[in-house]
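Architecture and fold: a report
So the chains spell out like this:
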Amino acid sequence: MSVVTNTTTIGAIDAPSRRNTELALLVFAVAIPVFAYANVGLAMTGKLPSGMLGYGLGLGLLAGVGHLVVRKFAPYADPLLLPLATLLNGLGLVLIWRLDQSPRLIQRAKSQFGAFHPDAPKQLLYTAIGVALFIAVLMLLKDHRILQRYTYISMAAALFLLILPMFFPAVNGAKIWISIPGMGTIQPGEFAKIIIAVFFSGYLMVKRDALALASRRFMGMYLPRGRDLGPILVIWGISILILVFETDLGTSLLFFGLFVVMLYVATERTSWIVFGLLMSAVGAVAVASFEPHVKLRVDAWMDPFACYKTTGACEQIGQAIMSFGSGGTMGTGLGQGNSDLIGFAANADFILSTVGEELGLAGMMAILLIYGLIVERGVRTALAARDPFGKLLAIGLSGAFALQVFVVAGGVMGLIPLTGMTMPFVAQGGSSVIANWALIGILIRISDTARRPAPAPAPSPDAEMTQVVRP
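Residues numbered from 1 in each chain as written. Predicted model: local features only at pLDDT ≥ 70, side-chain atom pairs only at ≥ 80, totals over all residues. Heavy atoms only, no water.

The next point concerns the overall build of the protein. Looking only at helices and strands, the protein has 16 helices and six strands in total. Each of the 471 residues in the protein was classed as buried or not, and the buried ones make up 49%. Considering only residue pairs separated by 6 or more positions, the protein has 74% of its internal contacts joining residues 24 or more positions apart. Accessible surface, the protein: about 21800 Å² in total, of which carbon and sulfur atoms supply 68%. (Helix = DSSP H or I, 4+ residues; strand = E, 2+ residues; numbered from the N terminus. Buried < 20%, exposed > 50% of the residue type's maximum accessible area, 1.4 Å probe, protein only. Contact = heavy atoms within 4.5 Å. Areas by Shrake-Rupley, 256 points an atom, 1.4 Å probe, with all protein chains shown as cover.)

Dropping the structure here:
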């Protein structure tokens, strides 16, 4: 009888990086906005726009550089996040450029300000800065768990960013911008939402067991103890102060809603959701009863056509609703609508009106579906994360993104009062596009860590297999 001994090492199965899939999707993410750009030019002037080649090369270059950085520094990241963000950003640039070509907007700007300055070139510059920040996040943030060290520093930074606009004059009735000489205006709340998510993730990871305790059960809900209500009362109070002093309904809803969502995910207690909804409703009703700007927006929400002939939010909401109605199912076609009648907010808060009118219900559902896919991939990243901080941070960033989409789309469609926030990636606004590219960068970093295969185990005597061969 002879004995044959074979020694093998069992290694980890290498997971596919899916970078080629990402590259293929990026081709479509660039081609679709370029096709839309050509469509707008043909509809408005009857010929291809002269800047189509430069726009396509610029967007393709930004997407290509972003892909190469992801391939190098986050090879196992989710393959959909970058193409989805690129597609939304590209379509937003096309919609802003389409509104820049409107004779009515050009004439209105010249009559009010003496000159017309198109917004599309500035938005393309902001996009380049946003992609640069996206690259910096991936190159410098090697491990998302490093952010946990700055839990309370992030709280102080977020409060500073939220309070800072109080010391600057109001713009269109709300104090949500700060003016910097030579740089224009910045909306600190866009960056604060990311920093707040970092603070909430670090805080709830430590305190979630205490917050999950309940004193008694009432009507099927676990009622939190009195001392555990402290954090949510503090956050509720801060959100009310933001609403009162800055008349900023959007940031207030985003700030408080994000905390409640992350609190529910951390503790799995439905009672926190109920308390959060009740407290937000009480706070909104109380502030709307004495704050004129908030009251105006609530009145416009209740009856959009009551003050249609006067200036203010009522007129804009009424026009937005009519633009949605005129779009029908398939829309009037890119470049062939009248959403530019809304005025200065056509390419900011109400850019969805252009989508609803010129692309119709089908186009609106497609845009919302892309937003939903980004949120879904963020939640999937949270489920796959291997550490509690990563799970909470991914769900926090995804929740902040989803809440912002909801409050903007809901305000324009008349589901909730108008908030004044910007639609991520699509609406004109440098702060918004830059901050949301940073948000996508952090999600890609967490996704890469979650999907990265575990290292192969060291060889051990158990790996030796002995085969006995009988004569």
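From this point on, the discussion continues.
Moving on, we get to a nonpolar patch on the surface. On the surface, a nonpolar cluster with roughly 310 Å² of combined accessible area is contributed by Val27, Phe28 and Ile32. Along the polypeptide, Ile32 turns up in helix H1 (residues 19-45). Of the residues examined, Ile32 reaches a relative accessible area of 41% and is grouped as partly exposed. (Patch = residues over 30% accessible without salt bridge, like charges linked within 9 Å, V, L, I, M, F, W, Y side chains within 5 Å. Salt bridge = Lys/Arg side-chain N within 4 Å of Asp/Glu carboxyl O.)

Glancing now at the pattern of salt bridges. Under the counting rule described, the total for this entry stands at 10 salt bridges. With a closest N to O distance of 2.8 Å, Arg377 and Asp78 form a salt bridge. Of the two residues, Arg377 sits in helix H14 (residues 360-384) while Asp78 sits in the loop between helix H2 (52-73) and helix H3 (81-100), which places them 299 residues apart along the sequence. By relative accessible area, which is 15% here, Arg377 ends up buried. Note on Asp78: relative accessible area 2%, which makes it buried. Among the ionic pairs, Asp119 bridges to Lys122, the shortest N-O distance being 3.3 Å. Taking the relative accessible area as the measure of exposure, Lys122 reaches 36% and is therefore partly exposed. Salt bridges sharing common partners tie together Asp78, Glu376, Arg377 and Arg380.

Here the focus is the packing of aromatic side chains. For any pair of aromatic rings, geometry is given as the distance between the ring centres together with the angle between the planes. Using the criterion set out here, one finds 10 aromatic pairs in the structure. For the pair Tyr152 and Phe199, a centre-to-centre distance of 6.2 Å together with 65 degrees between the ring planes defines the contact as edge-to-face. Taken together, the residues Tyr152 in helix H6 (residues 151-163) and Phe199 in helix H7 (residues 188-212) connect sequence positions 47 residues apart. An angle of 55 degrees between the planes, with centres 4.8 Å apart, marks the rings of Phe200 and Phe259 as tilted. With Phe200 in helix H7 and Phe259 in helix H9 (residues 249-267), the pair connects residues that are 59 residues apart, well separated along the chain. Neither residue differs from the other here; Phe200 and Phe259 are each classed as buried. (Phe/Tyr/Trp six-rings, centres within 6.5 Å; stacked < 30°, edge-to-face > 60°.)

The terminal C-alpha atoms of H3 lie 29 Å apart, and with 20 residues this matches the ideal 28 Å at 1.5 Å per residue to within 8%. With 20 of its 20 residues buried, H3 lies for the most part within the structure. (Expected span 1.5 Å × (residues − 1).)

For the rest of this paragraph, the subject is the side chain of Glu357. Topologically, Glu357 is positioned in helix H13 (residues 351-358). Despite being buried, Glu357 has no salt bridge partner; Arg98 is the closest side chain of opposite charge, sitting 6.7 Å away. (Lys, Arg positive; Asp, Glu negative; His and termini not counted.)

Counting 107 residues, the largest nonpolar core has Phe134, Phe200, Leu393, Ile440 and Ile444 as the members making the most contacts within it. By residue number, the principal contributor to this core is helix H15 (residues 388-413), which donates 13 residues. Not counting chain neighbours up to four residues away, the residues in contact with Phe200 comprise Ile235, Phe255, Leu258, Phe259 and Met262. (Core = buried A, V, L, I, M, F, W, Y, C linked by side-chain atoms within 4.5 Å.)

Our next topic: the environment of Leu368. Looking at the element boundaries, Leu368 is found in helix H14. Separated by 41 residues in the primary sequence, Leu368 and Ala409 place their C-alpha atoms 9.0 Å from one another. Here Leu368 is in contact with Met413 and Met423, once residues within four sequence places are set aside.

Quick look at unusual backbone geometry now. Where the residue is not glycine, phi is negative for most of them; where a peptide bond is considered, it is trans in most cases. Notably, Phe425 is not glycine yet its phi reads approximately 70 degrees, a positive angle. Tracing the chain through its elements places Phe425 in the loop between H15 and helix H16 (430-451). For Phe425, a relative accessible area of 1% puts it in the buried group.

What follows is about the environment of Tyr126. Position of Tyr126 among the secondary structure elements: in helix H5 (residues 120-140). Sequence separation between Tyr126 and Val433 is 307 residues, and the spatial gap between their C-alpha atoms is 6.9 Å. Look past the residues within four positions of Tyr126 in its chain and what remains in contact with it is Gln428, Gly429, Gly430, Val433 and Ile434.

Our focus in this paragraph is the packing of H14 against H16. The geometry of H14 relative to H16 is characterised by a closest axis approach of 9 Å and an angle of 40 degrees between their N-to-C directions. By the angle between their directions, the pair H14 and H16 is classed as oblique. Every pair of crossing elements has a handedness; the one defined by H14 and H16 is left-handed. Residues Ile374, Gly378, Thr381 and Ala384 of H14 form the contact with H16, whose participating residues are Ile440, Leu443, Ile446, Ser447 and Ala450. Here the contact of H14 with H16 is built from residues that sort into six nonpolar, three polar and no charged. (Axes fitted to C-alpha atoms, helices over the stretch in contact; angles between N-to-C directions. Parallel < 35°, antiparallel > 145°, perpendicular 65-115°, else oblique. Left-handed = near helix turned anticlockwise from the far one by under 90°. Nonpolar A, V, L, I, M, F, W, Y, C, P; charged D, E, K, R; others polar.)

The interhelical angle for the contact between H15 and H16, taken along N-to-C directions, is 150 degrees, at an axis separation of 10 Å. For the element pair H15 / H16, the angle class is roughly antiparallel. Between H15 and H16 the crossing geometry is left-handed. Seen from H15, the contacting residues are Gly390, Leu393, Ala394, Leu397, Ser398, Phe401 and Gln404; seen from H16, they are Ser432, Asn436, Leu439, Ile442, Leu443 and Ile446. For the contact of H15 with H16, the class distribution of residues is eight nonpolar, five polar and no charged.

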